[in-house]
Amino acid sequence: MRFHVTTLYPLLYRLEERKLVQGRWVEKANQRRRRYYSLTAEGRKVLARQRRNWQGFVEAMSRVMGVENA
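Bear in mind that the values here come from a model prediction, so they are computed numbers and not experimental data.

Trainee: For this particular structure, what's the right way to read helix H1 (residues 5-17)?
Mentor: Given 3.6 residues per helical turn, the α-helix brings residues three or four places apart onto the same face. Along its 13 residues, H1 runs 18 Å from first to last C-alpha, staying within 8% of the 18 Å computed at 1.5 Å per residue. Lys-19 lies just past H1 and shows a positive phi near 65 degrees.

Here it is, written out as structure tokens:
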């Protein structure tokens with residue numbers, strides 16, 4: 001997967017609107033201000049659920065294809 005800045009920041013803004021991540025600005029002397037993001041409690045719950053769903057999908061595909069995870 002590749003992310004370009006034109007798709008990454010709109011995604012982060014949407015996640016922030018949904019309260020899945022929280023952003024904060026950090027300013028340091030003689031540097032540009034930067035925005036740092038972290039998962040919220042709700043974001044961690046959603047991530048855990050998505051990981052379980054993905055694992056189920058991978059297991060089902062492995063059974064169908066007769067292969068194991070690398």
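Trainee: In this structure, what is going on with the layout of surface pockets? I would like to understand it.
Mentor: Empty space among the atoms can be located by rolling a probe the size of a water molecule over them. As a volume, the largest pocket reaches approximately 200 Å³. For the largest pocket, the full set of lining residues is Leu-11, Leu-15, Arg-18, Leu-20, Val-21, Leu-39, Gly-43, Val-46, Leu-47 and Gln-50. Contributions of two or more residues to the lining of the largest pocket are made by H1 and helix H2 (41-65). With 4 residues, H2 is the single largest residue contributor to the lining of the largest pocket. Of the residues contributing to the lining of the largest pocket, the split by class is 7 nonpolar, 2 polar and 1 charged.

Trainee: Honestly, the packing of aromatic side chains in this entry has me stumped. Any pointers?
Mentor: How two aromatic rings sit relative to each other is given by the distance of their centres and the angle of their planes. Scanning the entire structure with this criterion turns up 2 aromatic pairs. For the pair Tyr-9 and Tyr-13, a centre-to-centre distance of 6.4 Å together with 35 degrees between the ring planes defines the contact as tilted. Here Tyr-9 pairs with Tyr-13, and both are found in helix H1, just 4 residues apart, close to one helical turn. Ring centres of Trp-54 and Phe-57 lie 5.3 Å apart, and the angle between their planes is 35 degrees; on these two criteria the pair is classed as tilted. With Trp-54 and Phe-57 both in helix H2 and 3 residues apart, this pair spans about one turn of that helix. The ring of Trp-25 has Arg-33 lying over it, and the distance from NZ or CZ to the ring centre is 3.9 Å.

Trainee: Got a minute to help me understand the pattern of salt bridges in this structure?
Mentor: Following the criterion strictly, the structure yields 1 salt bridge and no others. Among the ionic pairs, Arg-35 bridges to Glu-16, the shortest N-O distance being 2.6 Å. Residue Arg-35 is found in strand E2 (residues 34-39), and its partner Glu-16 is found in helix H1; the two are separated by 19 residues along the sequence. You can call Arg-35 partly exposed: its relative accessible area is 25%.

Each value, and the rule that gives it
- Residues numbered from 1 in each chain as written.
- Predicted model: local features only at pLDDT ≥ 70, side-chain atom pairs only at ≥ 80, totals over all residues.
- Heavy atoms only, no water.
- Helix = DSSP H or I, 4+ residues; strand = E, 2+ residues; numbered from the N terminus.
- Expected span 1.5 Å × (residues − 1).
- 1 Å grid on protein atoms, 1.4 Å probe; cavity = no way out; pocket = protein on both sides within 12 Å on 5 of 7 lines; lining within 4 Å.
- Points joined across faces, edges and corners; volume = space filled by probe spheres on them.
- Nonpolar A, V, L, I, M, F, W, Y, C, P; charged D, E, K, R; others polar.
- Phe/Tyr/Trp six-rings, centres within 6.5 Å; stacked < 30°, edge-to-face > 60°.
- Lys NZ or Arg CZ within 6 Å of the ring centre and 35° of its normal.
- Salt bridge = Lys/Arg side-chain N within 4 Å of Asp/Glu carboxyl O.
- Buried < 20%, exposed > 50% of the residue type's maximum accessible area, 1.4 Å probe, protein only.

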